[in-house]
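Summary of the model geometry
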Amino acid sequence: MTFDFDQGIDRRHSDSLKWHKYRDSDVLPLWVADTDFRSPPCVIEAIQKRVAHGVFGYGAPPAGLINVIVSRLAERYQWHIQPDWIVLLPGVVSGLNLAVRAFTEQGQGTVAPSPIYPPFRSAARLANRTQVNLPMQLVENRWVPSLDAAYLTGNERLLMLCNPHNPGGTVYTRAELEAQLAFAQQHGLLVCSDEIHCDLLLTPGTRHIPFASLNEDAAQRSLTLLSPSKTFNIAGLGASVAIIPNPALRKRFSQVREGIVPSVDILALVAAEAAWRDGDPWLDAQLAYLRANRDALCATIESLPGVKMMCPEATYLGWIDASGLDVANPTHYFETHGLGFSPGRDFGNDQFVRFNFGCTRSTLDTALARLRQAVEARR
């Protein structure tokens, strides 16, 4: 089966949050993390079949989905989990916020690398908790967190990880994960690991290792968040899972969730099962397409003065250092040249922008031409 990722689908006048933002201007939306690709045929067919049933009452967690999750994690990542470790959620962001509320108390706080996906930062603030930021640093052209105890106050209870890292695109090695586990052990931290981008590996030879799969101690102090949403472009449907091996932590998480976070939509459950069960041929084709997009972006950035980017090992997101352009607000500057990036300040560094290259080659070519013009205008 072949899949057409070059097909241009008009999202500008649809319900797309991504395209709605710039619907009345000549700005390419390259910000929020969804792609412009049609979702896998297996997902569309499964939803159509469920809709044809015609009854949409309250739904029970489908046994088929639970079985698919268990088998997929064992086959792809050699992580052997039990079905009762799984808590279904309507989104990873709700999982991040629940983790902060469940595993810290007033007067306590979280630890998170910086820069990082904005909901990691807001989860602590919304729960009225403090957050210590561990600066991301470049080590052999890869973004990794500085695990320096000097940043801690002693009141932290939860380490927030993102693997693969968003926005840097790093896929942590076993040694890097073991260092983060040792840091958590030394400081008595539980670990919330967002692994939503784990299937989107672009660099040959990289391997995703779930934090909780390191050893029994890692499993017992961790909560892992997963979703098919980024991988298969079904973010608007909202199906995610929290995997919590420790029964006491799982009970606490579920108690905090009760009455606040709703059950997962029945169509989202159908889509998730179909994607994880039958979507890998589509995923393999998408990865090849994204890899070519990434390489084109990396080559363009490398050829331009004033901007830098470490080529991401995973995700479809480029983290671009625009400090060399000497502009007060890089996001606004690029918008004036028709490029709508995610503002770096939302992640923790206002001299960066995040470039979503999960788009058609035609859109990417236009974006790269505009990027070149924007940079050359500063020379």
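A brief report on the enclosed structure follows. Source: prediction; values computed, not measured.

Residues in a regular strand point their side chains to alternate faces of the sheet. Counting buried positions along strand β13 (residues 352–356) gives five out of five residues, so the element sits mostly inside the fold. Examined bridge by bridge, strand β11 (residues 317–321) and β13 share five bridges and lie antiparallel to one another. Bridge pairing links I320 to V353 in β13. Summarising the sheet, strand β12 (residues 339–343) and β13 pair through two bridges and their orientation is antiparallel. When the bridges of β13 are listed, S342 appears paired with R354.

Consider a sheet: its strands pair through backbone hydrogen bonds, and that pairing is either parallel or antiparallel. Across the sheet, which stays open at both edges, the eight strands sit in the order β2-β9-β8-β7-β6-β3-β4-β5 with mixed pairing between neighbours. The open sheet terminates on both sides in strands that have one partner only, identified here as β2 (86–89) and β5 (142–145). Averaged over all pairs of adjacent strands, the angle between their axes in this sheet comes to 25°, without regard to strand direction. Pairing of strand β3 (residues 109–114) with strand β4 (residues 130–139), which is carried by six bridges, proceeds in the parallel orientation. Bridge assignment links G109 to a residue of β4, and that residue is T130. Contacting β2, β8 (222–226) and β9 (240–243), helix α3 (residues 63–77) crosses the sheet at an angle of about 120° to β2. Against the sheet, helix α6 (residues 174–186) contacts β3, β4, β5, β6 (156–162) and β7 (190–194), and its axis sits at roughly 170° relative to β6.

Moving on: the packing of helix α11 (residues 280–303) against helix α13 (residues 361–376). Where α11 meets α13, the axes come as close as 11 Å, and the angle between the chain directions of the two elements is 10°. As far as their axial angle goes, α13 and α11 are roughly parallel. Across from Y289, A292, N293, A296, L297, T300, I301 and S303 in α11, the residues of α13 making contact are R361, L364, L368, L371 and R372. Split into classes, the residues belonging to the contact of α11 with α13 amount to eight nonpolar, three polar and two charged.

Moving on: the packing of aromatic side chains. Applying the stated criterion across every chain yields a total of 13 aromatic pairs. Seen in terms of ring centroids, F37 and Y289 are 5.5 Å apart; in terms of plane orientation they differ by 85°. Their pairing is edge-to-face. Taken as a pair, F37 in the loop between β1 (28–30) and α2 (41–53) and Y289 in helix α11 lie far apart in primary sequence, 252 residues in all. For the pair shown, F37 and Y289 are each scored as buried. The structure contains a cluster of three or more aromatic residues connected by ring pairs, namely F5, F37, F232, W282 and Y289. Against the face of W31 rests K21, its NZ or CZ located 4.4 Å from the ring centre.

So, about the environment of F347. Among the structural elements, F347 can be located in the loop between β12 and β13. Given a relative accessible area of 3%, F347 falls into the buried group. Considering only alpha carbons, one finds F347 and P115, 232 residues apart in sequence, at a separation of 4.9 Å. Setting aside its immediate chain neighbours within four residues, F347 contacts S114, P115, I116, Y117, P118, R121, N166, P167, W319, S342 and R354.

What follows concerns helix α5 (residues 118–126). The set of residues buried in α5 consists of P119, F120, S122, A123 and A124. Check the buried side of α5 and you find it contacts α4 (92–103), β3, β4, β6 and β7.

The subject of this paragraph is the packing of α3 against helix α10 (residues 266–278). Where α3 contacts α10, the axes come no closer than 9 Å and their chain directions differ by 35°. The way α3 lies across α10 gives a crossing that is left-handed. Of the residues in α10, those touching α3 at G64, L65, V68, I69 and R72 are L269, A272, E273, W276 and R277. Broken down by class, the residue content of the contact of α3 with α10 amounts to six nonpolar, one polar and three charged.

What counts and how
- Residues numbered from 1 in each chain as written.
- Predicted model: local features only at pLDDT ≥ 70, side-chain atom pairs only at ≥ 80, totals over all residues.
- Heavy atoms only, no water.
- Buried < 20%, exposed > 50% of the residue type's maximum accessible area, 1.4 Å probe, protein only.
- Helix = DSSP H or I, 4+ residues; strand = E, 2+ residues; numbered from the N terminus.
- Pairing = 2+ DSSP bridges.
- Axes fitted to C-alpha atoms, helices over the stretch in contact; angles between N-to-C directions.
- Contact = heavy atoms within 4.5 Å.
- Parallel < 35°, antiparallel > 145°, perpendicular 65-115°, else oblique.
- Nonpolar A, V, L, I, M, F, W, Y, C, P; charged D, E, K, R; others polar.
- Phe/Tyr/Trp six-rings, centres within 6.5 Å; stacked < 30°, edge-to-face > 60°.
- Lys NZ or Arg CZ within 6 Å of the ring centre and 35° of its normal.
- Left-handed = near helix turned anticlockwise from the far one by under 90°.

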